[in-house]
Amino acid sequence: MAGGNERITKALKEVWRRAENSLCADCGKPGPDWASSTLGVFICLSCSGIHRNIPSISKVKSLRMDHWDDAQVQFLAKHGNAVTKAIYEAHIPIYYYQPTYNDCQVLREQWIRAKYEREEFIEPGKQLPYSDGVKEGILWKRGRDNGQFLPRKFLLSEREGCLKYFTKQDAKEPKINIKIDVINATFQPVKIGNPNGLQITYLKDNKTRNIFVYHESGKEVVDWFNAIRSVQFHYLKVAFPIASDNEIKNRLTRNFLKEGYMEKTGPKQREAFKKRWFTLDHRRLMYFKDPLDAFAKGEVFVGSRENGYSVQKGLPSGTQGNFSWHYGLTIVTPDREYLFTCETEADQLDWIAAFTSVINQAMTPQEYASKCLDAVSFPS
């Protein structure tokens, strides 16, 4: 910590060490070492970069390297994360997604701008662009067959309980009409190749369908994301009237537990292993030939340990199929074993940890029903 006299340096350290300031005010990352001298919050390096892009609202300084004067330190002492959050996060809708440091840039940036720049959460009952139960607009959608992104009209309706998209602006009938309770949405900037890329998935005939979209505006695509969550929340409040708000919140959109390439073999376990893209979406393990495929080549239900599911490191002895990756793992189900190989040991351990987290959870009645409906399995 450079500059400043001993008294100011000591006072700054005391404020910095308060328990309330031990996590980034915006993403929750431990050990923030930057702060906003105009907002009074302690933030991490990544969030400080976003603050730096809104200089009319926030002036950021390093707690270790920059000089702090007496008035600035007193301002930090008077505010800090707890006081500032009580102002700027006073009325966040229950369904609004609050990103963490593991989330992508567009989610974190729009969360910070929503709080401090647009002041969306200061007043109770404020009309927000994602809160009125209907949203209509253009999103660039990837074509299922040609892979081209083209503008398509989307309509989200709480009254109808669905999300629709139309191939033409003046089309009377939608191309697809998706019930709101089977939708998931998750940001996928790397996979889609756009910083504002959003993956919308839904169940059709108990199979997962993927739609990949983006918008040039980060605010607009995050508004769509939170509008979907808003409509889902109010739909589920009606469907499950005795459930608490937090229980319903936990059933809204979710990030995938794990994605990436593995090699797989067929049910006879003698076929050559083939490289495929895998997605673990809670209890659904899906594989695709290409990460941007609209439909999975196969899906398998991953149940709980008490129902006979387990994950094991390595492959069964005597495995005959040829494989080029040598870090194996085996998923054991009541019906059969599924064999996979990973390129690195780190990938192997990450997949095992993801499967273990699912298998160790008890199954809900809804998941039992889903398993009974799910007749899809991995083909060869």
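Since the structure is predicted, the reported quantities are computational estimates derived from the model, not experimental observations. (Residues numbered from 1 in each chain as written. Predicted model: local features only at pLDDT ≥ 70, side-chain atom pairs only at ≥ 80, totals over all residues. Heavy atoms only, no water.)

**Overview of the pairing of strand S6 (residues 162–166)**
Link 1 in the chain: With 5 of 5 residues buried, S6 lies mostly within the body of the structure.
Link 2 in the chain: Taking every second residue as pointing to the same face, both faces of S6 are buried, with Cys-162, Lys-164 and Phe-166 on one and Leu-163 and Tyr-165 on the other.
Link 3 in the chain: Inspection of the sheet shows strand S5 (residues 149–157) paired to S6 by 5 bridges, in the antiparallel sense. Along S6, the bridge assignment pairs Leu-155 with Lys-164.
Link 4 in the chain: Pairing analysis gives 4 bridges linking S6 to strand S7 (residues 176–179), with the strands arranged antiparallel. (Buried < 20%, exposed > 50% of the residue type's maximum accessible area, 1.4 Å probe, protein only. Helix = DSSP H or I, 4+ residues; strand = E, 2+ residues; numbered from the N terminus. Pairing = 2+ DSSP bridges.)

**Focus: the packing of helix H2 (residues 45–52) against helix H5 (residues 105–117)**
How two helices pack is summed up by the angle between their axes together with the distance between the axes.
Link 1 in the chain: The N-to-C vectors of H2 and H5 enclose an angle of 55°; their axes lie 10 Å apart at closest approach. Here H2 is positioned oblique relative to H5, judged by the angle of their axes. Of the two elements, H2 crosses H5, and the hand of that crossing is right-handed. Contacts from Ser-46, Cys-47, Ile-50 and His-51 in H2 reach Gln-105, Arg-108, Glu-109, Ile-112 and Tyr-116 in H5.
Link 2 in the chain: Split into classes, the residues belonging to the contact of H2 with H5 amount to 4 nonpolar, 3 polar and 2 charged. (Axes fitted to C-alpha atoms, helices over the stretch in contact; angles between N-to-C directions. Parallel < 35°, antiparallel > 145°, perpendicular 65-115°, else oblique. Left-handed = near helix turned anticlockwise from the far one by under 90°. Contact = heavy atoms within 4.5 Å. Nonpolar A, V, L, I, M, F, W, Y, C, P; charged D, E, K, R; others polar.)

**Quick look at the side chain of Thr-253**
Link 1 in the chain: Inspection of the secondary structure assignment puts Thr-253 in the loop between helix H8 (245–249) and strand S11 (258–264).
Link 2 in the chain: On the basis of relative accessible area, Thr-253 is assigned to the buried category, the value being 10%.
Link 3 in the chain: Among the polar contacts made by the side chain of Thr-253, one reaches the side chain of Arg-229 at a distance of 2.6 Å.
Link 4 in the chain: Filtering out sequence-adjacent residues up to four positions away, Thr-253 remains in contact with Asn-184, Ala-185, Phe-225, Ile-228, Arg-229 and Gln-232. (Polar contact = N/O pair within 3.5 Å; in protein donor to acceptor, adjacent residues only side chain to side chain.)

**Some remarks on helix H4 (residues 80–88)**
Link 1 in the chain: Within H4 the residues assigned to the buried category are Gly-80, Asn-81, Thr-84 and Tyr-88. Looking straight down H4, one finds its buried side chains confined to an arc of 115°; they lie on one side. (Arc of directions from axis to C-beta.)

**What about the UniProt feature "domain: PH" (unreviewed entry) in the protein chain?**
Link 1 in the chain: Those residues carrying the UniProt feature "domain: PH" (unreviewed entry) are residues 132–233 and 255–360 in this numbering.
Link 2 in the chain: Span residues 132–233 is 20% helix and 46% strand, its end C-alpha atoms 12 Å apart. (UniProt positions renumbered as here; feature names shortened; annotations may be inferred.)

**A word on the pattern of salt bridges**
Link 1 in the chain: Within this structure, the stated rule accounts for 20 salt bridges.
Link 2 in the chain: Taking the shortest distance from any N to any O, the salt bridge between Glu-109 and Arg-113 comes out at 3.0 Å. Of this pair, Glu-109 and Arg-113 both sit in helix H5, separated by 4 residues, roughly a single helical turn. For the pair Glu-109 and Arg-113, a shared accessibility class is recorded, and that class is buried.
Link 3 in the chain: Residue Lys-313 is joined to Glu-345 by a salt bridge in which the shortest nitrogen-to-oxygen separation is 4.0 Å. (Salt bridge = Lys/Arg side-chain N within 4 Å of Asp/Glu carboxyl O.)

**Concerning the nonpolar core**
Link 1 in the chain: With 55 residues, the main nonpolar core has Ile-43, Leu-156, Ile-183, Phe-187, Leu-198 and Ile-200 as its most contacted residues.
Link 2 in the chain: No other element matches the 9 residues that helix H7 (residues 218–239) contributes to this core.
Link 3 in the chain: Formed jointly, this core draws a minimum of three residues from each of two domains, domain 1 (1–117) and domain 2 (134–250).
Link 4 in the chain: Ignoring sequence-local partners within four residues, the contact set of Ile-200 consists of Leu-163, Ile-183, Asn-184, Ala-185, Arg-209, Asn-210, Ile-211, Val-213 and Ile-228.
Link 5 in the chain: With 22 residues, the next largest nonpolar core counts Ile-331, Tyr-338, Phe-340 and Ile-359 among its residues. (Core = buried A, V, L, I, M, F, W, Y, C linked by side-chain atoms within 4.5 Å. Domains from an automatic or database assignment.)

**Concerning the UniProt feature "domain: Arf-GAP" (unreviewed entry) in the protein chain**
Link 1 in the chain: The feature "domain: Arf-GAP" (unreviewed entry), as given by UniProt, occupies residues 6–129 in the numbering adopted here.
Link 2 in the chain: The distance separating the terminal C-alpha atoms of residues 6–129 is 48 Å; by composition the span is 40% helix and 6% strand.

**Side note on empty space enclosed by the protein**
A water-sized probe rolled over the atoms picks out the places where empty space is left.
Link 1 in the chain: Throughout the structure, instances matching the rule amount to 2 cavities of 30 Å³ or more.
Link 2 in the chain: Empty space within the second largest cavity amounts to approximately 50 Å³.
Link 3 in the chain: Lys-141, Arg-142, Gly-143, Arg-144, Arg-209, Asn-210, Ile-211, Phe-212, Leu-292 and Ala-294 together form the lining of the second largest cavity.
Link 4 in the chain: Of all the secondary structure elements, the ones that give two or more residues to the lining of the second largest cavity are strand S4 (134–142) and strand S10 (207–214).
Link 5 in the chain: Considering each element in turn, the lining of the second largest cavity owes the most residues, 4 residues, to S10.
Link 6 in the chain: Broken down by class, the residue content of the lining of the second largest cavity amounts to 4 nonpolar, 2 polar and 4 charged. (1 Å grid on protein atoms, 1.4 Å probe; cavity = no way out; pocket = protein on both sides within 12 Å on 5 of 7 lines; lining within 4 Å. Points joined across faces, edges and corners; volume = space filled by probe spheres on them.)

**Let's talk about the sheet that holds strand S9 (residues 198–204)**
Link 1 in the chain: One open sheet holds the 7 strands; their spatial order is S7-S6-S5-S4-S10-S9-S8, and the pairing between them is antiparallel. With partners counted over all chains shown, the strands left at the sheet margins are S7 and strand S8 (183–187), one partner each. Averaged over all pairs of adjacent strands, the angle between strand axes in this sheet comes to 35°, irrespective of strand direction.

**Topic: the environment of Tyr-116**
Link 1 in the chain: One can find Tyr-116 in helix H5.
Link 2 in the chain: Judged by its relative accessible area of 3%, Tyr-116 is buried.
Link 3 in the chain: A sequence separation of 135 residues divides Tyr-116 from Arg-251, and the C-alpha atoms of the two residues are 28 Å apart.
Link 4 in the chain: Those residues in contact with Tyr-116 that sit more than four places away from it in its chain are Ala-25, Asp-26, Leu-39, Val-41, His-51, Ile-57, Thr-84 and Tyr-88.

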